Amino acid sequence: MMHRIRALEEVALRGLADKVVLGAIHPSIGQEAVPVGVMGHMSADDLLLSTHRGHGHTLAKGASATAMMHELLGRVGGNCGGKGGSMHIADFEVGMLGANGVVGANIVIAAGAAHAIKLRRENRMVACFFGDGAINRGPFLEGLNWAAVFRLPVLFVCEDNGYSATTRTATMTAGAGPAARARAIGVPAVEVDGNDVLAVDAAAAELIGAIRAGDGPRFLHARTYRITGHTGADPATYRPAGEVEAQAHNDPIGRARDTLLAAGVAAAEVDAVRAAALAEMEAAYGSARAAPYPPADQAFVDVQDIGSPAVEAY
Amino acid sequence: MMHRIRALEEVALRGLADKVVLGAIHPSIGQEAVPVGVMGHMSADDLLLSTHRGHGHTLAKGASATAMMHELLGRVGGNCGGKGGSMHIADFEVGMLGANGVVGANIVIAAGAAHAIKLRRENRMVACFFGDGAINRGPFLEGLNWAAVFRLPVLFVCEDNGYSATTRTATMTAGAGPAARARAIGVPAVEVDGNDVLAVDAAAAELIGAIRAGDGPRFLHARTYRITGHTGADPATYRPAGEVEAQAHNDPIGRARDTLLAAGVAAAEVDAVRAAALAEMEAAYGSARAAPYPPADQAFVDVQDIGSPAVEAY
Amino acid sequence: MARLSYLDAGRAALAEELARDPLVWAIGEDLGRGGVFGQYRGLTETFGPDRVSDAPISEAAILGAAVGAAMTGTRPVVEMRFSDFALCAVDELVNQAAKARFMFGGQARVPLVVREPIGMWRSSAAQHSQSLESWYAHIPGLVVACPATPADNKGMLKAAIRCDDPVVYMEHKNLWGLEDEVPDDPDYLVPFGEARIVRGGGDATIVSWSAQVHVAAAAAEALAGQGIEAEVIDLRSIWPWDKERVLASVARTGRLLVTHEAVAVAGFGAEIAATVAERLGRDLKTPVRRLGAPRAPVGYAPPVEDAVRVSRDAIVAAVTEMMR
Amino acid sequence: MARLSYLDAGRAALAEELARDPLVWAIGEDLGRGGVFGQYRGLTETFGPDRVSDAPISEAAILGAAVGAAMTGTRPVVEMRFSDFALCAVDELVNQAAKARFMFGGQARVPLVVREPIGMWRSSAAQHSQSLESWYAHIPGLVVACPATPADNKGMLKAAIRCDDPVVYMEHKNLWGLEDEVPDDPDYLVPFGEARIVRGGGDATIVSWSAQVHVAAAAAEALAGQGIEAEVIDLRSIWPWDKERVLASVARTGRLLVTHEAVAVAGFGAEIAATVAERLGRDLKTPVRRLGAPRAPVGYAPPVEDAVRVSRDAIVAAVTEMMR
Ligand SMILES: Cc1ncc(C[n+]2csc(CCOP(=O)(O)OP(=O)(O)O)c2C)c(N)n1
Ligand SMILES: Cc1ncc(C[n+]2csc(CCOP(=O)(O)OP(=O)(O)O)c2C)c(N)n1
Ligand SMILES: [Mg+2]
Ligand SMILES: [Mg+2]
């Protein structure tokens, strides 16, 4: 799965260079272990709320790479019919309720999805991902408090890559960090090395176990690193020289590979996974490029039932 | 000063019964020790941001009771010329930058006032009061983080009366409380018995000392009790029987009286203070009742310079 | 039929929908004690605290959680207390609730109702008196309802709860006590986009909504005394609004006055006046006219507050002038 | 005069005002690295991180802190990045900044500038493309500026910074790269409420603002080829808007078309069309007309996005029809 996410984003970045991916994309290259470690404990029934940096979450939740690639290129066959693009990708079939272009907005939405689960006495849960920068937005406080007050089945996952766009998050964040804030709001929290997929997996298992047992919300603070720029177009020159290089040994995919090799898995086997992932994404990319754009009248579809512009545009 | 606040509100409540105080008023009867204990350490130069329950803050900051009473009655001579009323009372002359009708909104404004102080390298500080319910609003998080990140001279004071309107705040608030939240956001916090004016005074002295020394923001969590209903019109029947009575011994004015008597002050002396306060407020009330309403054209004054309705109403 | 207040009609509507559909629920500050105006009185007792729930003072979470809960198949009714406080949750309403269905390519439905009482209510001052219905009419994806009568407050709230779109539901605080006949039919629904003819007339058309409808009706009464028969139309919902009925009326009368309590500048009256001028410009007997509040905040002192109200006399004067 | 891009003109304006007045300062996310579009490039280096400051991702605090800092005598310029994100700070702008002076009886001044870039910018989709200028025009206390040219982006931003009212300053993202001559005069100020005649003409009046001005100008060019001389007016600020100039022009031409990128329903075009219809209804040669976006969110895929743009051809067609 980590290979699939990486390959999807590498190909998407090529799409950006090829000028067929039109909107901004926010790659999660280097951060793949977090969604993979968490999503392993969730089923298609469970729900996911994601961010602007959501390709990895979406794929790990079970969305089709082909549909995602179509969406990134704004084509027919995209998860949102080409109307959402990278920042609004969603796949309700697999419980992925949407990326979000507004930092932190997904936190209160996730609390509400979990609220509905509780009201309906269903046996499922919600995961909500966001970045380290999002903990400075009001909805972080309001959403966590809400989930704790109503004892809702939601796992909050803070993917801490150290940056908020071009800003070092630490320079704009006071206090002891995301987990401390979560605890003060009444949400038990665990901190983990987010580039160690096994560690994430273990932490998620524990937290999700508690959530499924009805203990209310939990919080996972995963430290990771964003290898690329903030967007596909960002050269990230604001980073100190050598910082990216110093993180090379920390690449979650490289680390997982080392672990696998040490455990006796053949290198060729791992390489085959990578090759298969790349081939899958190349095929998805080819399919997307060959697909048409949605027709103009899609602009008026699915706005609303009552007072729809499809009936009268003005 | 506690007597003056109490007397002002008692008279204002009579004004409500007399149907001359027209808008909602939120009495702080029972909570007087908090502003009095804090404001003793502030000068007219220092700034104050207040709430819907701000009569005590405003008077303690040095506003004229007569002007306040005129404002509550919506008359000429009010601090805001009768245009604000209880929820928007302000007296910039004494550094009181406004009550606020929106819970929690004053927190970010206070951070900004302190930011301006820092930018201008001035030697003053800001105090920001809010209730226990306000800690569930996003601006609480955003404002405290802001003040801590920029190391601003602001004292946040949470007046915890246990209720948010008709709701027991504890039922809607997760975690270990206001001080724990503040600390997690990087603002050192102290908890105090808010009905003990000497304890508030001592805690405020310490916190304000740190602020004036340039150590950044501080937080005071003061536990208190609202003897009246949420508004002047609220019978507060949602409170368990006997709750108010059980708090009788805890009235900050009664406790201060006991302390004074124990310290050898004559009862007559204390009673004289109370009588003087009542007389002052009666006079203010009389003055306000005798004053005219502002003329209708005040509706168009002080809206804005550019594009003002005074030039053209539509 | 029963005689109910506007407030009780809304309460009955919610109670009936709560009873009818287990997926309907309501949440907001202080609902457990009946809500700030008593619109929820008794409902927690009847339906339990999960179905009619208190909320923290967290407007963004109230609305944002409703978006999440609506997308996952429940039907939340959220209470914002005063429309002014809904300004603490605009991202959630405008960027999330209104757009989710479209931007996710039709995968989401967001069947939520945002109750946000509007309007001037004696000496509530600048932060508790606003009428911002034109804002939401401008936002694709939203339905905007502004009932003026007890019957409509029942039938429209029920329609809003059953509707699959997010509905901004604006009750007027000054109408809570207004009593009138209200149908008992549990399926009494007032469809959006169908105006109500408050009073017929052939000389001029007065279009309004919410509390201002009653001011317009009083003006029409006074005008009738002068021999001027004004037709008064209550739009009931401003998105969608009943263009057909308004155009038909103005085509007949040749005169349009729109009046609303909100600020005139960029108020929804501008949309109506502009539409009528565009469509019927050649056939009007007199230019279209609007009456709304001056572009000033609402003040506390009565004379200052009254200075921004559109009075019955102002409407009478405007129509009289238009008849010349 | 110097040839500058719209982006650099705004940057020069801010730099000059920072240099002129030590009470001016700017704050927003990522400003230390030049801001998201580079509008702040180099300013932190020149003026230091206190004067051109990074902010946490806290829109409510950015705007709310600016209110506090403005009330205490400084002149904050706050950057909201996209006008869509300003929806996270509407209480701070509408309930606080806009009303403080009035509700405190004139004790407060709130001289702040809220920069919030608007408009469609290829495939930015529903949450990064909105134009909500009509919202703010509806709010008493606010000034609303929508510059269309590099010179105006300099002169109006400077005027906004020197103005004692809160100004919502809406640059258009699609104009950043537009180059033109810009005055060097450090006191070059473009006053609010004075429209610019982009091109004269006697047959029809086209009113617009922001990026749409350029579409309107291109349409007028095409119309001239057909022998129709349309006057194009760039309002520059929509509150206040230059009613006199628009009314004078329409009084001459007898025809008004307003066109803007924002949604037509309850867009500011309605206000202009309604005002002109009210004032000049009897003298128009043809009914007023508006062109704005359909009431739909902005989609990602180019054909879907383009479907909600008001094109040059749509303007040409409308004016041609009005000439019949
Ligand atoms: C409310 C809001 N403010 C600002 C932005 C612009 N923005 C997009 S991503 C981003 C940085 C977010 O940082 P973080 O939460 O750490 O997530 P990361 O990008 O590192 O994954 C910003 C500021 C936004 N989308 N929404
Ligand atoms: C944003 C917002 N939401 C709701 C309200 C309505 N309201 C006014 S006071 C109040 C209770 C506030 O409780 P708390 O902060 O504890 O202050 P207290 O009234 O106890 O002093 C509420 C909910 C408001 N004014 N603003
Ligand atoms: Mg980050
Ligand atoms: Mg309280």
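Residues numbered from 1 in each chain as written. Chains lettered and ligands numbered in written order. Predicted model: local features only at pLDDT ≥ 70, side-chain atom pairs only at ≥ 80, totals over all residues. Heavy atoms only, no water.

A. Spatial organisation of the overall build of chain C. For chain C, the count of helices and strands is twelve helices and 14 strands. Over its C-alpha trace chain C gives a radius of gyration of 19 Å, about what one expects of a compact globule, namely 20 Å for 324 residues. Taken along the three principal axes of its C-alpha coordinates, chain C extends 60 × 45 × 40 Å. Out of the 324 residues in chain C, the part that is buried amounts to 73%. Considering only intrachain contacts with a sequence separation of at least 6, the fraction spanning at least 24 residues in chain C is 82%. On chain C, roughly 8,000 Å² of surface is accessible, and the fraction owed to carbon and sulfur atoms is 50%. (Helix = DSSP H or I, 4+ residues; strand = E, 2+ residues; numbered from the N terminus. Rg over C-alpha atoms; globule rule 2.2 N^0.38 Å. Buried < 20%, exposed > 50% of the residue type's maximum accessible area, 1.4 Å probe, protein only. Contact = heavy atoms within 4.5 Å. Areas by Shrake-Rupley, 256 points an atom, 1.4 Å probe, with all protein chains shown as cover.)

B. Representation of the relation of the copies chain C and chain D. Mapping chain C onto chain D is achieved by rotating through 180 degrees and translating by 0.0 Å along the same axis, at an RMSD of 0.0 Å. One copy is carried onto the other by what is essentially a two-fold rotation axis. Mapped onto chain D, 100% of the interface residues of chain C are again interface residues, and the two copies thus contact each other with one and the same surface. (Least-squares fit on C-alpha atoms with pLDDT ≥ 70 in both.)

C. Structural view of the coordination of the magnesium ion (ligand 4). All names here are of chain B. Taken together, the protein donors to the magnesium ion (ligand 4) comprise Asp 132 (OD), Asn 161 (OD1) and Tyr 163 (O), at separations of 2.0 to 2.1 Å. Each donor residue of the magnesium ion (ligand 4) lies on the same chain, and together they follow the pattern D-x28-N-x1-Y. Separated by 29 residues along the polypeptide, Asp 132 in the loop between strand E2 (126-131) and helix H6 (138-149) and Asn 161 in the loop between strand E3 (154-160) and strand E4 (163-164) bring together distant segments of the chain. Accessibility classification places Asp 132 together with Asn 161 in one group, the buried group. (Donors = N, O, S within 2.8 Å, 3.2 Å for Na, K, Ca; no water.)

D. Geometry of the nonpolar core. Ile272(C), Tyr136(D) and Ile272(D) are the most contacted members of the largest nonpolar core, which has 233 residues in total. The contacts of Tyr136(D), once residues within four sequence positions are left out, are Arg295(C), Leu87(D), Val90(D), Leu93(D), Glu116(D), Leu142(D), Val144(D), Val168(D) and Met170(D). Core analysis: the next-biggest nonpolar cluster, separate from the first, contains 53 residues, Leu73(B), Ala204(B), Ile211(B) and Tyr300(C) among them. (Core = buried A, V, L, I, M, F, W, Y, C linked by side-chain atoms within 4.5 Å.)

E. A look at the site of ligand 1. Looking at ligand 1, there are 21 residues lining it, with His52(A), Arg53(A), Gly101(A), Asp132(A) and Glu59(D) nearest. Tyr163(A) places a polar main-chain atom, nitrogen or oxygen, 2.9 Å from an oxygen atom of ligand 1. One of the side-chain nitrogen or oxygen atoms of Glu59(D) is found 2.6 Å away from a nitrogen atom of ligand 1. A total of 580 Å² of accessible area belongs to ligand 1 in isolation, and the protein chains cover 96% of it. Taken together, the residues that form the shell around ligand 1 break down as eight nonpolar, seven polar and six charged. (Near = heavy atom within 4 Å. Polar contact = N/O pair within 3.5 Å; in protein donor to acceptor, adjacent residues only side chain to side chain. Nonpolar A, V, L, I, M, F, W, Y, C, P; charged D, E, K, R; others polar.)

F. Main features of the interface of chain C and chain B. Counting from both sides, the interface comprises 33 residues of chain C and, opposite them, 40 residues of chain B. Contact between chain C and chain B buries roughly 2,700 Å² in total, counting both sides, with carbon and sulfur atoms accounting for 65%. Across the chain C-chain B interface, the total number found is one salt bridge. Between Arg137(B) and Glu59(C) there is a salt bridge, and its shortest N-O distance comes to 3.5 Å. Linking chain C with chain B are twelve residue pairs in polar contact (both at pLDDT 80 or more), by the criterion used here. Mapped by element, the contributors of at least two residues to the side of chain C that touches chain B are strand E14 (289-293) and helix H11 (302-306) of chain C. Of all the elements, H11(C) adds the most residues to the side of chain C that touches chain B, at three residues. (Buried area = accessible area lost by both parts, 1.4 Å probe. Salt bridge = Lys/Arg side-chain N within 4 Å of Asp/Glu carboxyl O.)

G. Looking closely at the pattern of salt bridges. All names here are of chain D. A full pass over the atoms with the stated rule returns 99 salt bridges over all chains. Where Lys 158 meets Glu 16, a salt bridge forms, and the shortest distance between an N and an O atom there is 2.5 Å. With Lys 158 in helix H7 (residues 150-162) and Glu 16 in helix H1 (residues 6-20), this pair connects stretches of sequence that are 142 residues apart. Classification of Lys 158 as buried rests on a relative accessible area of 0%. You can call Glu 16 partly exposed: its relative accessible area is 22%. In this structure, the salt-bridge partner of Arg 162 is Glu 17, at a minimum N-O distance of 2.9 Å. Here Glu 17 lies in helix H1 and Arg 162 lies in helix H7, a separation of 145 residues in the sequence.

H. Quick peek at the side chain of Asp234(C). In this structure, Asp234(C) sits in strand E11 (residues 230-234). In this view, Asp234(C) contacts Ala148(C), Asp152(C), Ala195(C), Arg196(C), Val198(C), Ser208(C), Trp209(C), Ser210(C) and Val213(C); residues no more than four positions away in its chain are not counted.

I. Geometry of the sheet that holds strand E1 (residues 47-49) of chain A. Residues and elements named next belong to chain A. Pairing is parallel in the open sheet, where five strands are placed in the order E1-E2-E3-E7-E6. A strand with exactly one partner marks an edge of an open sheet, and here the two such strands are E1 and strand E6 (189-193). The average undirected angle you get between the axes of adjacent strands in this sheet is 20 degrees. Where E6 and strand E7 (residues 218-223) come together, five bridges link them in parallel fashion. (Pairing = 2+ DSSP bridges. Axes fitted to C-alpha atoms, helices over the stretch in contact; angles between N-to-C directions.)

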